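Given next are the chains, with one letter for each unit.
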Amino acid sequence: MRWFLTGAVVLLLSACSPEKQKVYTVDELVADDALLAKIIGECRNSPGELHDTPNCRNAEAADGRLRLERMRKSLGG
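Values in this document were obtained by computation on a predicted structure and should not be read as measured data. (Residues numbered from 1 in each chain as written. Predicted model: local features only at pLDDT ≥ 70, side-chain atom pairs only at ≥ 80, totals over all residues. Heavy atoms only, no water.)

With respect to the overall build of the protein
A tally of regular secondary structure across the protein gives five helices and zero strands. Its helices and strands taken in sequence order, the protein reads α-α-α-α-α from the N to the C terminus. By the burial criterion, 19% of the 77 residues in the protein qualify as buried. By sequence separation, contacts in the protein at least 24 residues apart represent 56% of the contacts at least 6 residues apart. (Helix = DSSP H or I, 4+ residues; strand = E, 2+ residues; numbered from the N terminus. Buried < 20%, exposed > 50% of the residue type's maximum accessible area, 1.4 Å probe, protein only. Contact = heavy atoms within 4.5 Å.)

The following block contains the structure:
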């Protein structure tokens, strides 16, 4: 009976934990402009809370990469 109660409590506590958000790679974000814009928008709307999350860091890196690529193309490189 004791093990059953312990198991039930652990199960209930794990059900209450927040859902893990999928972490996108820089390459995935570079390939999907809509997803990149969505994540950057969320990160910039709540920088204190989301700034250090993996998705925000990867989105900023993907944005930087895309800007450099556009700059190279515009300069003829």
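More follows now that the structure is in view.
So, the nonpolar core
Core analysis: the largest hydrophobic core is formed by 12 residues, namely Val26, Leu29, Val30, Leu35, Leu36, Ile39, Ile40, Cys43, Cys56, Ala59, Ala62 and Leu66. When contributions to this core are tallied by element, the ones reaching two or more residues are α2 (26–31), α3 (33–45) and α5 (54–74). The element contributing the most residues to this core is α3, with five residues. Excluding anything up to four places from it in sequence, Cys43 contacts Leu50 and Cys56. (Core = buried A, V, L, I, M, F, W, Y, C linked by side-chain atoms within 4.5 Å.)

Quick notes on the environment of Lys38
By the secondary structure assignment, Lys38 is in helix α3. The exposure class assigned to Lys38 is partly exposed, which follows from its relative accessible area of 48%.

Observations regarding α5
Over its 21 residues, α5 runs 30 Å from end to end, which matches the ideal 30 Å to within 8%, given 1.5 Å per residue. Considered for burial, the residues of α5 that qualify are Asn55, Cys56, Asn58, Ala59, Ala62, Asp63 and Leu66. Looking straight down α5, one finds its buried side chains confined to an arc of 160°; they lie on one side. Against the buried residues of α5 lie α2, α3 and α4 (47–50). Of the residues one or two after α5, Gly76 is the one with positive phi, at around 85°. (Expected span 1.5 Å × (residues − 1). Arc of directions from axis to C-beta.)

Some thoughts on α3
Counting along an α-helix, one turn takes 3.6 residues, and residues three or four places apart therefore face a common direction. Taking 1.5 Å of rise per residue, 13 residues should cover 18 Å, and α3 covers 18 Å from first to last C-alpha, within 8% of that figure. Looking only at α3, the buried set comprises Leu35, Leu36, Ile39, Ile40 and Cys43. Along the axis of α3, the buried residues cluster in a sector spanning 125°; they form a single face. Away from its buried face, by an angle of more than 90 degrees, α3 presents the exposed residues Asp33, Ala34, Ala37 and Asn45. Against the buried residues of α3 lie α2, α4 and α5. Measuring from the side-chain oxygen of the N-cap residue of α3 to the backbone nitrogen of Ala34 gives 3.3 Å; that N-cap residue is Asp32. (Polar contact = N/O pair within 3.5 Å; in protein donor to acceptor, adjacent residues only side chain to side chain.)

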